[in-house]
Structure formats: C-alpha cells, structure tokens
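If you want the building blocks of each chain, they are given just below.
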Amino acid sequence: MLASTAPQAPSSETAPRRSSRGADTRALTQVLFAQLKELQPGTPEHDRVRGALIEANLPLVRYAAARFRSRNEPMEDVVQVGTIGLINAIDRFDPDRGVQFPTFAMPTVVGEIKRYFRDNVRTVHVPRRLHELWVQVNSATEDLTTAFGRTPTTAEIAERLRITEDEVLSCIEAGRSYHATSLEAAQEGDGLPGLLDRLGYEDPALDGVEHRDLVRHLLVQLPEREQRILLLRYYSNLTQSQISAELGVSQMHVSRLLARSFQRLRSANRIDA
C-alpha cells in the first residue's frame, strides 16, 4: 500500500506556538505604543519604551532581511540597516489610524534595505578614501545645485570642498562604479545598440578558412596550365566554352584537363591526410 504524498499539516504544537508568539508580539506592541504616546520624547522613560518596541519587533526586520539573502552581503549588516528602517517606522507610526504596525513598518524596513544596496553596495571596489570623498562631493553638488539653481561646475565643487578638480572628477568616476552596465544594454540617448552588439560578430566565412588554405596548398602542385583553367572556371566563373576560347583549345580538351585536375587534387589530399 502506497504512503500518502500529501503535504503534512503543521504539528499540533508548532502552529499554535507560532500564532501565539505573533499575537503576543502584536499585543505587546500595542501596549508599548499606548505608553509611548503618553510620554515626553527625550525622557529616560520614553527612551526605555521606544527601545522595548525596537526589541519586540526585531523579528520583523530579520524576516525582511532574509529576502535579500541571495545578495551575498553579511546578514548582520542587512539586519542593522533594516533596524534603522524599523526605528524610523516607530517614530512615524500613529496607532490612532487603525493600521497594524507590521503592515505600516514593513515597506519602510524593506525600503531602507533596498536603499542600502542601491547607494552603498558597489559592483566595482574603489578605495575607501575615494568612497568617503565621493559622499562629500555628492552632498556638495546637491547643496550648490539648490543655491545656484543649476548644476555646479567641477571648479565650484572643488572650491567648496577645498580639493583639486582632478579629485572631484575621480570621485564622479568612482560614483559610476555602483552598478556595472550590461554589455547587452542599449546606449542611452544615442540610439546605438548595446556594447555586446558592437564588439564584433562571428564571421560566417570563418569555417572556410581551413578549406581555402588546403585548396591553395593543393593548387600549387598542379601544372601551371591546369591551375589557370581551375581559376578561370571557379574564380572567374567562365564556362568551359569560354575557357576554350580564352586558351585556344577545344572544349573537350578543357573538360579532360578539369577532370584530370580533380583527380590529382583528390589524390594529393589523400596523401596529405
């Protein structure tokens, strides 16, 4: 009798235990938010309740971080970044709106982690000093753009940070190393195909290189007259009657010479092989 292949239901202990833990966390979170609302920000008691909220909802961060496990980044770093999103969500959450905190917090946590990968995880490694300087250049560029109402020049950024223009240009170049461009990606703005399409292509005549070399090697073993007949027939595409008129011989003689040339070529090819 075959055993049933239907998926097994959770054990009578595991499922209720998970549900109980989740319910306990939600209940504790609601109580803590109610307490937090009555406390003055900056006071020790407010900080204590806020810290308890963070601790109680860390499983939410770990759950969100697990979605990025394939990114090959240390999970501790991802959890730490996600915790920043959790703290931001706690500070902005209003329990009076009737929304469950996990529903409100999850987009903020995931968004913070995605921002981390977008802004800090590079495809190409650059020196630490250049990375830190790039952050300053990026910040100065935003400030000057706001002040001038336009994009600042390299000289203006260099003057603001008291560094050389070459350092500014190096930082801008380093900023492009956050993401590698696909070889198949089309070039923006110029309408050109991707780099892969412009690197080259497989020559369809490549397979014939060895054959042409072999034919050239065999041809030089024929008498000069037979070489000329073969060239007129297969390179100049002349008919046998045209070749006979060109050489001043009969068409039948041309046919016999062609047949003899083929026989010699086949024999020479078998010997070389």
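The name given to the chain in an unreviewed UniProt entry is RNA polymerase sigma-F factor, with the source organism recorded as Streptomyces djakartensis.

Visitor: So what's going on with the overall build of the chain? Which residues, and what values?
Guide: What the chain contains, in helices and strands, is 13 helices and zero strands. The linear arrangement of helices and strands in the chain, starting from the amino end, is α-α-α-α-α-α-α-α-α-α-α-α-α. Residues classed as buried in the chain amount to 27% of the 273 residues present. Accessible surface, the chain: about 19,400 Å² in total, of which carbon and sulfur atoms supply 52%.

Visitor: Describe the side chain of Thr 29, listing the residues and the values that go with them.
Guide: Within the secondary structure, Thr 29 is located in helix 1 (residues 14-37). Setting aside chain neighbours within four positions, we find Thr 29 in contact with Leu 53, Asn 57 and Phe 101.

Visitor: An account of a nonpolar patch on the surface is requested, with residue identities and associated values reported.
Guide: Side chains of Val 215, Leu 231, Tyr 234 and Tyr 235 sit close together on the surface and give an oily, nonpolar patch of about 420 Å² of accessible area. The topology assignment puts Tyr 234 in helix 11 (residues 224-234).

Visitor: Can you tell me about the confidence of the model for the chain, naming the residues and giving the values?
Guide: Averaged over the chain, the pLDDT score is 78; the fraction of residues at 70 or greater is 73%. Averaged pLDDT values for the elements of the chain fall to 57 in helix 9 (residues 195-198) and rise to 92 in helix 2 (residues 44-56). Considering only residues more than four positions removed or in separate chains, one finds that residues 1-15, a stretch of pLDDT under 50, has two contacts.

Visitor: If you had to explain unusual backbone geometry to someone new, which residues and values would you point to?
Guide: For Arg 162, which is not glycine, the phi torsion reads 60° and is therefore positive. Positive phi is not limited to glycine here, since Asn 237 has a value of about 60°. Following the sequence through the fold, Asn 237 ends up in the loop between helix 11 and helix 12 (240-247).

Visitor: So what about the side chain of Glu 112? Which residues, and what values?
Guide: Counting through the fold element by element, Glu 112 comes out in helix 5 (residues 101-120). Overall, the relative accessible area of 17% leaves Glu 112 in the buried class. With near-sequence residues (within four places) excluded, Glu 112 lies in contact with Val 81, Ile 84, Gly 85 and Asn 88.

Visitor: So, the packing of helix 3 (residues 58-66) against helix 4 (residues 75-92): which residues are in play, and what are the values?
Guide: Orientation of helix 3 relative to helix 4, taken along the N-to-C sense of each, is 125°, at an axis distance of 9 Å. Here helix 4 runs oblique to helix 3, going by the angle between their axes. Helix-helix and strand crossings are classified by hand; for helix 3 and helix 4 the assignment is right-handed. In this structure, helix 3 contributes Leu 58, Val 61, Ala 65 and Ala 66 to the contact, and helix 4 contributes Met 75, Val 78, Val 79, Gly 82, Thr 83 and Leu 86. Split by residue class, the contact of helix 3 with helix 4 holds eight nonpolar, two polar and no charged.

Visitor: Which residues make up the pattern of salt bridges, and what values do they have?
Guide: Enumeration over the complete set of coordinates arrives at nine salt bridges. A salt bridge links Arg 48 to Glu 45; the shortest N-O distance between them is 2.5 Å. Here Glu 45 and Arg 48 lie together in helix 2, a separation of three residues that amounts to about one turn. The exposure class of Glu 45 is partly exposed, given its relative accessible area of 36%. Across the pair Arg 264 and Glu 226 runs a salt bridge whose closest N-O atoms are separated by 3.2 Å.

Visitor: Explain the packing of aromatic side chains to me, and be specific about the residues and the numbers.
Guide: Following the criterion strictly, the structure yields five aromatic pairs and no others. A centroid spacing of 5.1 Å and a plane angle of 55° characterise the contact between Phe 33 and Phe 101, whose relative ring orientation is tilted. Of this pair, Phe 33 sits in helix 1 while Phe 101 is found in helix 5, placing the two residues 68 residues apart along the sequence. On the accessibility criterion, Phe 33 (4% relative accessible area) is buried.

Visitor: Please set out the UniProt feature "domain: RNA polymerase sigma-70" (unreviewed entry) in the chain residue by residue, giving values where relevant.
Guide: Annotation from UniProt places "domain: RNA polymerase sigma-70" (unreviewed entry) at residues 77-90. Strand forms 0% of residues 77-90 and helix 100%; the C-alpha atoms that close the span are 20 Å apart.

Visitor: I'd like to hear about helix 2, residue by residue, with values.
Guide: Its 13 residues place the ends of helix 2 18 Å apart at the C-alpha level, agreeing with the 18 Å of an ideal helix rising 1.5 Å per residue. For helix 2, the complete set of buried residues consists of His 46, Val 49, Leu 53, Ile 54 and Ala 56.

Visitor: Before we move on, can you summarise the packing of helix 11 against helix 12 with the specific residues and values?
Guide: It is the contact of helix 11 with helix 12, at a shortest axis distance of 10 Å, that shows an interaxial angle of 135°. Put simply, helix 11 runs oblique to helix 12. The hand of the helix 11/helix 12 crossing is right-handed. From helix 11, Arg 228, Ile 229, Leu 232 and Arg 233 reach across to helix 12, where they touch Ile 243, Glu 246 and Leu 247. For the contact of helix 11 with helix 12, the per-class residue count stands at four nonpolar, no polar and three charged.

Cut-offs and rules
Residues numbered from 1 in each chain as written. Predicted model: local features only at pLDDT ≥ 70, side-chain atom pairs only at ≥ 80, totals over all residues. Heavy atoms only, no water. Helix = DSSP H or I, 4+ residues; strand = E, 2+ residues; numbered from the N terminus. Buried < 20%, exposed > 50% of the residue type's maximum accessible area, 1.4 Å probe, protein only. Areas by Shrake-Rupley, 256 points an atom, 1.4 Å probe, with all protein chains shown as cover. Contact = heavy atoms within 4.5 Å. Patch = residues over 30% accessible without salt bridge, like charges linked within 9 Å, V, L, I, M, F, W, Y side chains within 5 Å. Salt bridge = Lys/Arg side-chain N within 4 Å of Asp/Glu carboxyl O. pLDDT = per-residue confidence, 0-100. Axes fitted to C-alpha atoms, helices over the stretch in contact; angles between N-to-C directions. Parallel < 35°, antiparallel > 145°, perpendicular 65-115°, else oblique. Left-handed = near helix turned anticlockwise from the far one by under 90°. Nonpolar A, V, L, I, M, F, W, Y, C, P; charged D, E, K, R; others polar. Phe/Tyr/Trp six-rings, centres within 6.5 Å; stacked < 30°, edge-to-face > 60°. UniProt positions renumbered as here; feature names shortened; annotations may be inferred. Expected span 1.5 Å × (residues − 1).

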